[in-house]
Amino acid sequence: MYPVLLQNLILPIAERALGWPILRHLSEILETQWWDEKRLRELQLGKLSQTLLSARRSVPLFQEILGGVPESRIQDEPLSVYAELPYLVKEDVRENFPHRILSKDFSPSQYKKTSTAGSTGKPLEYVVSNSGYGAWWAHHLRAFHAAGYSLGDRIVYIASVRDLTPTRRIRDFLIRQIQLDAYESSDRLFELYIEKIRKFRPRILRGYPEMLFLLADLVERKGITDIRPASVITNSNKLHEFQREYVEKVFHAPVFDLYSCPESGALAFECEKHQGYHLALEHGLVELADEKGRPAADGTGAIVGTNLDNAAMGIIKYDTGDFGTASGRSCTCGRGLPLLDAVEGRAHSLLVTKDGRYLHGTLFEGPFLHTETFKELGQWVDHIQFVQESEDLLVIKMVRERDMNESGLNDAVEQVKKILGPGMTVEIQFVEKIDKPPSGKRQLVVSKVLPERMKDRLGLK
Ligand SMILES: [Zn+2]
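Rules used throughout
Residues numbered from 1 in each chain as written. Predicted model: local features only at pLDDT ≥ 70, side-chain atom pairs only at ≥ 80, totals over all residues. Pairing = 2+ DSSP bridges. Helix = DSSP H or I, 4+ residues; strand = E, 2+ residues; numbered from the N terminus. Expected span 1.5 Å × (residues − 1). Bend = angle between axes of the 7 residues up to and from the residue. Core = buried A, V, L, I, M, F, W, Y, C linked by C-beta atoms within 7 Å. Buried ≥ 20, exposed ≤ 12 C-beta atoms within 10 Å, placed from the backbone. Contact = placed C-beta atoms within 7 Å. Axes fitted to C-alpha atoms, helices over the stretch in contact; angles between N-to-C directions.

As a further point, take the sheet that holds strand 16 (residues 358-360). With antiparallel pairing, the three strands of this open sheet are ordered in space as 5-16-15. The open sheet is flanked by strand 5 (184-185) and strand 15 (350-352), the only strands paired with a single partner. Sheet analysis places strand 5 next to strand 16, joined by two bridges and oriented antiparallel. Its bridge partner being in strand 16, Ser-185 is matched across the sheet by Tyr-358.

This brings us to helix 1 (residues 2-18). In this model, helix 1 (17 residues) spans only 21 Å end to end at C-alpha, well below the 24 Å of a helix rising 1.5 Å per residue. For helix 1, the principal kink sits at Ile-10 and spans about 40°; a proline, Pro-12, occurs within the next four residues. Positive phi shows up at Gly-19, right after helix 1, with a value of about 80°.

So, on to the nonpolar core. In this structure, Ile-158, Met-211, Leu-212, Val-247 and Ala-268 are the most contacted members of the largest nonpolar core, which totals 108 residues. By residue number, the principal contributor to this core is helix 8 (residues 130-146), which donates seven residues. The contacts of Ala-268, once residues within four sequence positions are left out, are Tyr-259, Tyr-277, His-278, Leu-279, Ala-280, Leu-340 and Val-343.

With that out of the way, let us pick up the sheet that holds strand 8 (residues 255-261). On the basis of which strands lie adjacent, the open sheet formed by eleven strands has the order 4-3-6-7-8-9-10-14-13-12-11 and mixed pairing. Whereas interior strands pair on both sides, the edge strands pair on one side only; in this sheet they are strand 4 (177-181) and strand 11 (284-289). Along the sheet, successive strands turn relative to each other by an average axial angle of 35°, direction set aside. Across five bridges, strand 3 (residues 155-159) lies against strand 4 in parallel orientation. Each bridged residue has a counterpart across the sheet, and for Ile-155 the counterpart in strand 4 is Gln-177. Each of strand 3, strand 6 (204-207) and strand 7 (231-235) touches helix 11 (residues 209-221); the most contacted strand, strand 3, lies at about 105° to it.

Set out below in structure tokens:
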């Protein structure tokens, strides 16, 4: 009964009140995913041309970039116009935000302001139109559908969810989702969560892979056998193969990984066949570029996205900082959405403290980096990285942009120490540059302790 009410009455009313057309987008894309790729590409090109035209008309930065290109050319050959555009990097977005990169056609009530974590330690602010937010949610729900979800099914989400606004709470209540915050976790906290999950009996268990992994570990140690979701969905952070195998084993449920870089429109999900990640062509134009900005010859390259559903801001040919590998195969499920073999999104480690807590890497982004101390530090530092070298040593590596004031630096160290708790030494190291790992993906937080410890215990190498 509830799913019928939800779909036909509750969500339509809520959508109108909140201004997010989730259901309209969802019903469209549940159909278009079965189109063949050629037809989907045509739909995508139409949306690309609309996106470029609207940016040329109303976004100052793109008025400059595209001003000399005739409208008719954008309409007729959007892809060749796109090919000539410069790449937009995070620094460009920061420098032009808000006045030069927001659309003049939108008033603040027509968009939602938000921010995303930065892998170099600098968060990024952006806005998404109400319609774009609805589309973004619809694409997530479509990915959930591919994992066996139907509207009205109960979901538990375990992630870093500190700022649950009243609107989010209402949304969660309506779609029957509960969110469990594991920003800072421990066995004791996970024990409480296990009880909540047993009581709520979710059909879908979703969250950050490293947190689901820790949860599975505790569930197994305690011999708990009655948490039986139909599917597990992971997102936000890189899913390692050993995590997938272990979580599937403990919960007796398949894991579906989802990649999404919200500001860029790049989103890709696994379907029931698990043959790769289906790219949501309707939501974003994605190209894989090599270091010189050419299409990646070996198929692996930087994920560059153009958001086709967010006219409130010009996010066009935007380097996400993530990496992907094209598949070249099509999936036997019949969806026309092309496949990526692999995606390399954020790769956060969990830090482990002397008093047995796990601290999620996002703790060092968002709210923490928004504190006055770190805002100030951000002006001096070009790049920052937190590395847990051993059980009692955390090193903060910094690439200095200009000289910094000593007391500010001490404040920062004190704040980090407070978070880590007793027994941990915090050292600052100034370095020329911070090396990228072989994947090429920058990491804000690296732990050399927990992965080894977990692998040892599980007999994995
Ligand atoms: Zn498929």
